[in-house]
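Read off the chains here:
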Amino acid sequence: MRPYYWFNSRLLGCLLLILLLAGCAGSPVNESARLEQQDSLAAVQIKARLLEATELAGSAIDVDLKGDRAVLSGFVETSQQRDRAEAIANEQEQVKTVENNITVK
């Protein structure tokens, strides 16, 4: 009977350790909520307009919407491109303000 007691106590200890480690794991990031905010209809429309603009060809610009505020980030080659991207975002009727975090290389 003694070997079974040893095995059962080890098994119980391992299970307890697994449960403790699982409890310490961080909660998963709600990626879908972030993507919904980023890929709302207004954000997609702004991204489409940015892609259509020939003067912004080859630019890496990301658009996030936070309420009625558009947040632009990414990289462009010139300050004129940066200003044009901001103007395109301002043309969207759901956007009241634009936070332009685009970096000029």
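Residues numbered from 1 in each chain as written. Predicted model: local features only at pLDDT ≥ 70, side-chain atom pairs only at ≥ 80, totals over all residues. Heavy atoms only, no water.

The name given to the protein in an unreviewed UniProt entry is BON domain-containing protein, with the source organism recorded as Vreelandella maris.

Draft legend 1. Main features of the pattern of salt bridges. Per the counting criterion, the structure on display carries five salt bridges. Salt-bridge contacts for E55 lead to R84; the nearest nitrogen and oxygen are separated by 2.6 Å. On the criterion of sequence distance, the pair formed by E55 in the loop between α3 (41-52) and β1 (60-66) and R84 in helix α4 (residues 79-91) is long-range, its members being 29 residues apart. Accessibility expressed as a relative area gives 37% for E55, which makes it partly exposed. R84 gets classed as partly exposed once you look at its relative accessible area, which sits at 28%. Residues joined by salt bridges that share partners form a network here, namely R49, E55, R84 and E91. (Salt bridge = Lys/Arg side-chain N within 4 Å of Asp/Glu carboxyl O. Helix = DSSP H or I, 4+ residues; strand = E, 2+ residues; numbered from the N terminus. Buried < 20%, exposed > 50% of the residue type's maximum accessible area, 1.4 Å probe, protein only.)

Draft legend 2. Spatial organisation of the sheet that holds β1. Pairing within the open sheet is mixed, and its three strands lie in the order β1-β2-β3. This sheet does not close on itself; its edge strands, each paired only once, are β1 and β3 (97-104). Between one strand axis and the next, the sheet turns through 10° on average, direction left out of account. With eight bridges joining them, strand β2 (residues 69-76) and β3 adopt parallel strand pairing. Considered in β3, the bridge of G74 is made with I102. Each of β1 and β2 touches α3; the most contacted strand, β1, lies at about 160° to it. (Pairing = 2+ DSSP bridges. Axes fitted to C-alpha atoms, helices over the stretch in contact; angles between N-to-C directions. Contact = heavy atoms within 4.5 Å.)

Draft legend 3. Representation of the environment of K96. Along the chain, the position of K96 falls in the loop between α4 and β3. Judged by relative accessible area, which is 57%, K96 ranks as exposed. Separated by 26 residues in sequence, K96 and A70 have C-alpha atoms that sit 8.0 Å apart.

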